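Examining the three-dimensional arrangement
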Amino acid sequence: MADDRAARIAEFIRPLRVKPGSEVRLDRDFDPRYKAGLKKRDGIELLRTGVSLLAEYQERLAAQDTFGVLLCLQALDAGGKDGTIRHVMSGVNPQGVSVSGFKVPSSEELDHDYLWRYARRLPGRGEIAIFNRSHYEEVLVVRVHPEVLARQKLPDEPFGPDLWDRRYREINQWERYLTDNGFKVVKIFLNLSKEEQRTRFLKRIDLPEKNWKFSAADVRERRHWDEYQEAFSEMLSATSTKWAPWYVVPADRKWFARICAAAVLAHTLMDIDPRFPDVGEEARKELLVTRRELEQEAPAGVPADPYAAAHPSAGRSGGRREKGRKGKKGKRG
């Protein structure tokens, strides 16, 4: 069953994956309104299934305590990053998930290399960390706004024409280092059309309860639309690798974007296939002794083990099997 689910999810997200080594042009290669032939009413159940899978595999990830997962979300303003995080992660244990947003770097952060502030927020083993915007800002916003780069206190030499190629290489190597050490890197770009962004900005103005989300700075940034499209296209081309591929998720329909994001993350966890650890023979013996002690404390008229009584298959393991075998030996004697 798990293999069947994994195969279906892999096939579903295949059109979203940026093939390593390919040259991407967003306006040519990815449609922001793509929905794989689905209807919104079908999306509710699909998202529920995805969230359930994430909850199941997150518990395994935490129990195994070997791998960690970093989810990088990139999008233009109004792309739906916050809503995607809220809906996709709705069923997971919040103790095992952290969300970090990266805005204008502080003076302390500017006193370090450009990856330093991101490295500080990486997940531990057994954890999922979400970057709401990520280290890719360093080849997107910084590229569109060179004045940001000037504040990074770099020596004069790095300002040459090969700066962005060098950063792509450094980011790829950093992500390879993370994956080699057991930290999977999942990268999702929420691909929003210019018209849908305009509509969402207007909605933030028209609805009083959304006025707080509106920022005139976001509209000013929209004037750089073509520059961002070029920067995103080049970034996707240069940094979608075998160990950390990019997925371009159509974002004009929020419900479909959330299904896709859940599927990409679930695919990553299922590929890791974390397992609950075997506690070992000695620890299992201790569990059996403790269970007998607890069963002996049961009040009159109450099952000795309420869970085992409600789930008969649970009583077939460990001490239950041992007790059954003793009983049969007694009858034969």
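Please refer to the structure higher up on the page.
Residues numbered from 1 in each chain as written. Predicted model: local features only at pLDDT ≥ 70, side-chain atom pairs only at ≥ 80, totals over all residues. Heavy atoms only, no water.

1. A short note on the side chain of Glu109
Applicable threshold: Helix and strand definitions here come from DSSP, where helices need a minimum of 4 consecutive H or I residues and strands a minimum of 2 consecutive E residues; each element is numbered from the N-terminal end. Burial classes follow relative accessibility: with a 1.4 Å probe on protein chains only, a residue under 20% of its type's maximum area counts as buried, one over 50% as exposed, and anything between as partly exposed. Pairs of N or O atoms are called polar contacts if they sit within 3.5 Å, as long as, within protein, a hydrogen donor faces a hydrogen acceptor (for residues adjacent in sequence, only side-chain-to-side-chain pairs). We call two residues contacting when some pair of their heavy atoms lies within 4.5 Å.
Take Glu109: it is sitting in helix 5 (residues 107–110). For Glu109, a relative accessible area of 18% gives the class buried. One polar contact links the side chain of Glu109 to the main-chain amide nitrogen of Ser106, over a distance of 2.9 Å. Glu109 has contacts with Val104, Trp116 and Arg117, leaving out every residue within four places of it along the chain.

2. Focus: the packing of aromatic side chains
The condition is simple: When two rings of Phe, Tyr or Trp (its six-membered ring) have centres within 6.5 Å they constitute a pair, described as stacked for plane angles under 30 degrees, edge-to-face for angles over 60, and tilted for the intermediate range.
If you walk through the whole model with that rule in mind, you get nine aromatic pairs. Aromatic pair Tyr34 and Phe256: ring centres 6.0 Å apart, planes at 80°, arrangement edge-to-face. Taken together, the residues span a long stretch of sequence, with Tyr34 in the loop between helix 2 (26–29) and helix 3 (40–64) and Phe256 in helix 13 (residues 254–272) at a distance of 222 residues. Its relative accessible area of 32% is what places Tyr34 among the partly exposed residues.

3. Brief notes about empty space enclosed by the protein
We count it as follows: Only protein atoms enter the 1 Å grid, on which a cavity is a set of points fitting a 1.4 Å probe that cannot get out and a pocket is an open set with protein on both sides within 12 Å along at least 5 of 7 lines, lining residues being those with an atom within 4 Å of a point. Grid points are joined across faces, edges and corners, and a volume is the space filled by probe spheres set on the points. Ten residues, namely Ala, Val, Leu, Ile, Met, Phe, Trp, Tyr, Cys and Pro, are considered nonpolar, four, namely Asp, Glu, Lys and Arg, are considered charged, and the remaining ones, Gly among them, are considered polar.
Evaluated as defined, the whole model comprises two cavities of 30 Å³ or more. Computed from the structure, the largest cavity encloses a volume of approximately 40 Å³. In this structure, the largest cavity is lined by Gly79, Gly80, Thr84, Leu190, Arg200, Ala251, Lys254, Ala257 and Arg258. Per-element accounting of the lining of the largest cavity gives the leading share, three residues, to helix 13. When its residues are assigned to classes, the lining of the largest cavity shows three nonpolar, three polar and three charged. Lining the second largest cavity we find Leu71, Leu73, Thr84, Ile85, Val88, Met89, Ile188 and Ala261.

4. Some details on the sheet that holds strand 2 (residues 97–101)
Strands pair in a sheet through their backbones, by hydrogen bonds, and they do so in one of two ways: parallel or antiparallel. Cut-off, in case you're wondering: When DSSP finds two or more bridges between a pair of strands, those strands are recorded as paired. Note on geometry: axes are lines fitted to C-alpha atoms, helical ones only across the stretch in contact, with angles between N-to-C directions running from 0 to 180 degrees.
An order of 2-3-1-4-5 is seen for the five strands of this open sheet, with the pairing classed as parallel. Among the strands making up the open sheet, the edge pair consists of strand 2 and strand 5 (246–250). Pairwise comparison of adjacent strand axes, ignoring direction, gives a mean angle of 20° for this sheet. Sheet analysis places strand 4 (residues 183–191) next to strand 5, joined by five bridges and oriented parallel. In the sheet register, Ile188 faces strand 5, and the bridge partner there is Tyr247.

5. Observations regarding helix 13
As a reminder, the rule being used: Multiply 1.5 Å by the residue count of a helix minus one, and that product is the helix's expected span.
Helix length check: helix 13 (19 residues) gives 27 Å between terminal C-alpha atoms against 27 Å at 1.5 Å per residue, within 8%. In terms of burial, helix 13 is largely enclosed, as 16 of its 19 residues are buried. Positive backbone phi, approximately 55°, marks Asp273, located one or two places after helix 13.

6. Details of the side chain of Lys187
Residue position: Lys187 is located in strand 4. Of note is the side chain of Lys187, whose polar atom sits 2.9 Å from the side chain of Tyr136. A polar contact is formed between the side chain of Lys187 and the backbone oxygen of Ala244, at a distance of 2.8 Å. Sequence-distant contacts of Lys187, defined by excluding residues within four places in its chain, comprise Cys72, Tyr136, Glu175, Thr239, Ala244, Pro245, Trp246 and Tyr247.

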